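Commentary on secondary and tertiary structure
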Amino acid sequence: MPTTLSFAPTIPALLHGSRAVLVVAAANVLTGELPVFLPAPAQALLAELARDTKPGELGAVSGTLTGLPEPRRLLLGVLPDHGSRYNSPSRAESVRRVVAAADLGGSKAGIIVILPDPAHLLATVNAVGRALPLYSSKSGASGGAEVQILALDPAGHPIPIPPEVESTMHATRVAALHVDTPPTELNPEEFAARARELLTAIPRVELREIVGDALLQEGLAGIHAVGRCAVKPPRMLIAQYTPAAGGGRSIALVGKGITYDTGGLSLKISGAMNTMKGDLGGAAAVLGAFCVLAANHCKHKLSLLLCIAENAVGPGAYKPDDILRLHSGKTVEINNTDAEGRLLLADGVSYAARALGAEIVFDAATLTGAQLISTGLLHAAIVSNDESLEQTIIAAGKHCGDLVHPLPFAPEFYKQEFESNIADMVNSVKNRMNAQSACAAQFVYWHMDDTKAQWCHIDLAGPSFPKNRGTGFGVALLSETIRRIA
């Protein structure tokens, strides 16, 4: 059973029925005058744990039995006092690590986070949710837990939880659930159905779905080609939210939703196909962000474009040497069917800018393995045609804990990698040593570069699936970024 998360209003409410309580705080909070919020015996044990537990660079957990009925077990997660300038001030990754290491599954438990700065609330709460994933196919009824969260200031007073913080945490967990779900369970049809279920519950949202050969009638040949030989046909699911007050900007969120990636006829090598259920991480992220923003009355007009397909192998598969005319009108010679995500995104961003009139376009994708080499497992790579938008998303990432780092936007350096003798471009670079991730982003932008839209590309291949579980990365990043757009 999955772990359920909710928020406790008070310490007594959190302690009631809890067999375990985890306290999370930075080392300097614990070595100062610790607020009194636990029963006296547990408070004394907490002080002992605080004296004996050193955080290291990424946080540490210690614990003890209390001899009390509630809680029977007391755990302490100690965070480092500071991180580097490329880290979040909240040290969100350390929060995630200590919560995961506490192993709260199987019982009712409480998590108390002591925040020296209330601005850390979003990142901290989201990190807690990320540490307790929803998906499990393990047999038996055990494994889940009922966990309540309470945030305190250094004086021990509860910090209120705004609706957007709570909804971000839940949407992040659902995005991770989508990434974790086996691909036969979450084929293109099922993914679209789950997205519809989430979206129809939100007022002022209109839906449209373009499926199978209807994609060709709309000029979406990239999405169609990638998914046309799978059992369930490819599709674009479009959701549009209009704020009640009007005004604001017109912003589009485009997501790569490859429910499974075999590589197509350019078949992936042995071992490289594992975890390819996670190739819908970008679509999961933009779906979650759209739900958070629309449900909390975003001031901007929002469009969501989920580009969904399974890159399967079969007699109808698209082939190396095929030429596709994408929505932009530009032609693409296929030289690698495993460079499929950019074909979906190219159609998606062009449709967003041209058909929907978006002024700002974000696209999110688990696009390149090279992203992990460029920026690692915890920083997504971003590429943007607008410096102010780039700085906004960097700041939003540090605030919410979904960290990003910019790659060069330099069309004059990267277009040459896609030269074709017979089409406008090929779909995979000639030189894999020349900034592969930035080049892949350039390919996507090439299909909207004659529009006036601002654009930001997020390659989240590493952060979306850093080890063996989805993280829901991107939900907090995108929703926080869009809240900051004037």
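A brief structural summary.

Side note on the overall build of the protein chain
Scanning the protein chain from N- to C-terminus turns up 17 helices and 17 strands. Whereas a compact globule of 486 residues would reach a radius of gyration of roughly 23 Å, the protein chain reaches 23 Å, a difference of no more than 12%. Over its C-alpha atoms, taken along the principal directions, the protein chain stretches across nearly 75 × 45 × 45 Å. Long-range pairs, those at least 24 residues apart, make up 77% of the contacts in the protein chain between residues at least 6 apart in sequence.

Focus: the pairing of strand β1 (residues 4–7)
Along a regular strand, successive side chains alternate from one face of the sheet to the other. Burial along β1 is one-sided: L5 and F7 are buried, while T4 and S6, pointing the other way, are not. Here β1 pairs with strand β6 (residues 146–152) via four bridges, running parallel. Within the sheet, the bridge partner assigned to F7 lies in β6 and is I149.

Some remarks on the packing of helix α13 (residues 387–400) against helix α17 (residues 475–484)
Viewed as axis vectors pointing N to C, α13 and α17 meet at an angle of 125 degrees, and their least axial separation amounts to 8 Å. Accordingly, the angle class assigned to the pair α13 and α17 is oblique. Of the two elements, α13 crosses α17, and the hand of that crossing is right-handed. Contacts from T392, I393, A395, A396, G397, H399 and C400 of α13 reach α17 at A476, L477, E480, T481 and R484. Looking at the contact of α13 with α17 residue by residue, the class counts come to six nonpolar, four polar and two charged.

A word on the nonpolar core
Ranked by internal contacts, the top residues of the largest apolar core, which has 111 residues, are V99, I111, L199, F290 and F362. Among the elements that make up this core, the one with the highest residue count is helix α10 (residues 281–295) (eleven residues). Apart from the residues within four sequence positions on either side, F362 is in contact with I251, A252, L253, V254, L389, I393, C456, L478, T481, I482 and I485. Core analysis: the next-biggest nonpolar cluster, separate from the first, contains 52 residues, V254, I334, L367 and A453 among them.

Section: unusual backbone geometry
Note that the residue after E70, namely P71, is joined by a cis bond; omega there is -5 degrees. Along the chain, P71 falls in the loop between β3 (60–65) and β4 (73–79). The residue A435 is not glycine, and still its phi comes out positive at about 50 degrees. Owing to a relative accessible area of 30%, A435 belongs among the partly exposed residues under this scheme.

Thoughts on the sheet that holds β3
With respect to topology, six strands assemble into an open sheet ordered β1-β6-β5-β2-β4-β3, the strand pairing being mixed. Among the strands making up the open sheet, the edge pair consists of β1 and β3. Between one strand axis and the next, the sheet turns by 20 degrees as a mean value, whatever way the strands run. Of the pairings in the sheet, the one linking strand β2 (residues 20–26) to strand β5 (residues 108–114) comprises five bridges and is parallel in character.

Side note on a nonpolar patch on the surface
Where nonpolar side chains cluster on the molecular surface, the patch consists of L265, L267 and V313 and spans about 270 Å² of accessible area. On the secondary structure map, V313 appears in the loop between β10 (301–311) and β11 (323–325). For V313, a relative accessible area of 46% puts it in the partly exposed group.

Topic: the sheet that holds strand β16 (residues 425–426)
Spatially, β11-β12-β16 is the arrangement adopted by the three strands of the open sheet, whose pairing is mixed. Looking at which strands have only one partner, the edges of the open sheet turn out to be β11 and β16. Relative to strand β12 (residues 331–333), β11 runs antiparallel, the two sharing three bridges. Paired with R325 across the bridge in β12 is T331.

Some words on the environment of R208
Along the chain, the position of R208 falls in strand β7 (residues 205–211). Since its relative accessible area comes to 38%, R208 is described here as partly exposed. The residues contacting R208, other than those within four sequence positions of it, are R196, E218, M236, L237, I238 and Y351.

Notes on helix α11 (residues 341–355)
For α11, built from 15 residues, the straight-helix expectation of 21 Å at 1.5 Å per residue is met to within 8% by its first-to-last C-alpha distance of 20 Å. Count one or two residues on from α11 and you reach G357, which has phi positive near 70 degrees.

Side note on helix α6 (residues 163–180)
Its 18 residues place the ends of α6 26 Å apart at the C-alpha level, agreeing with the 26 Å of an ideal helix rising 1.5 Å per residue. Listing the buried residues of α6 in full gives V165, S167, T168, M169, A171, T172, R173, A175, A176, H178, V179 and D180.

Looking at the pattern of salt bridges
One pass over the full model with this rule turns up 21 salt bridges. Its salt-bridge partner being R208, residue E218 comes within 2.2 Å of it at the nearest N-O pair. Linking E218 in the loop between α8 (214–217) and α9 (221–227) with R208 in strand β7, this pair joins segments that are ten residues apart in sequence. Notably, a salt bridge pairs K430 with E419, separated by 3.5 Å at the nearest N-O pair. Taken as a pair, K430 in the loop between β16 and α15 (436–446) and E419 in the loop between α14 (411–414) and β16 lie far apart in primary sequence, eleven residues in all. Residue class for K430 comes out exposed when judged on its relative accessible area of 56%. The exposed category is assigned to E419, whose relative accessible area is 52%. Among the charged side chains, a salt-bridge network with shared partners connects E93, R96 and R97.

About the criteria used
- Residues numbered from 1 in each chain as written.
- Predicted model: local features only at pLDDT ≥ 70, side-chain atom pairs only at ≥ 80, totals over all residues.
- Heavy atoms only, no water.
- Helix = DSSP H or I, 4+ residues; strand = E, 2+ residues; numbered from the N terminus.
- Rg over C-alpha atoms; globule rule 2.2 N^0.38 Å.
- Contact = heavy atoms within 4.5 Å.
- Buried < 20%, exposed > 50% of the residue type's maximum accessible area, 1.4 Å probe, protein only.
- Pairing = 2+ DSSP bridges.
- Axes fitted to C-alpha atoms, helices over the stretch in contact; angles between N-to-C directions.
- Parallel < 35°, antiparallel > 145°, perpendicular 65-115°, else oblique.
- Left-handed = near helix turned anticlockwise from the far one by under 90°.
- Nonpolar A, V, L, I, M, F, W, Y, C, P; charged D, E, K, R; others polar.
- Core = buried A, V, L, I, M, F, W, Y, C linked by side-chain atoms within 4.5 Å.
- Patch = residues over 30% accessible without salt bridge, like charges linked within 9 Å, V, L, I, M, F, W, Y side chains within 5 Å.
- Areas by Shrake-Rupley, 256 points an atom, 1.4 Å probe, with all protein chains shown as cover.
- Salt bridge = Lys/Arg side-chain N within 4 Å of Asp/Glu carboxyl O.
- Expected span 1.5 Å × (residues − 1).

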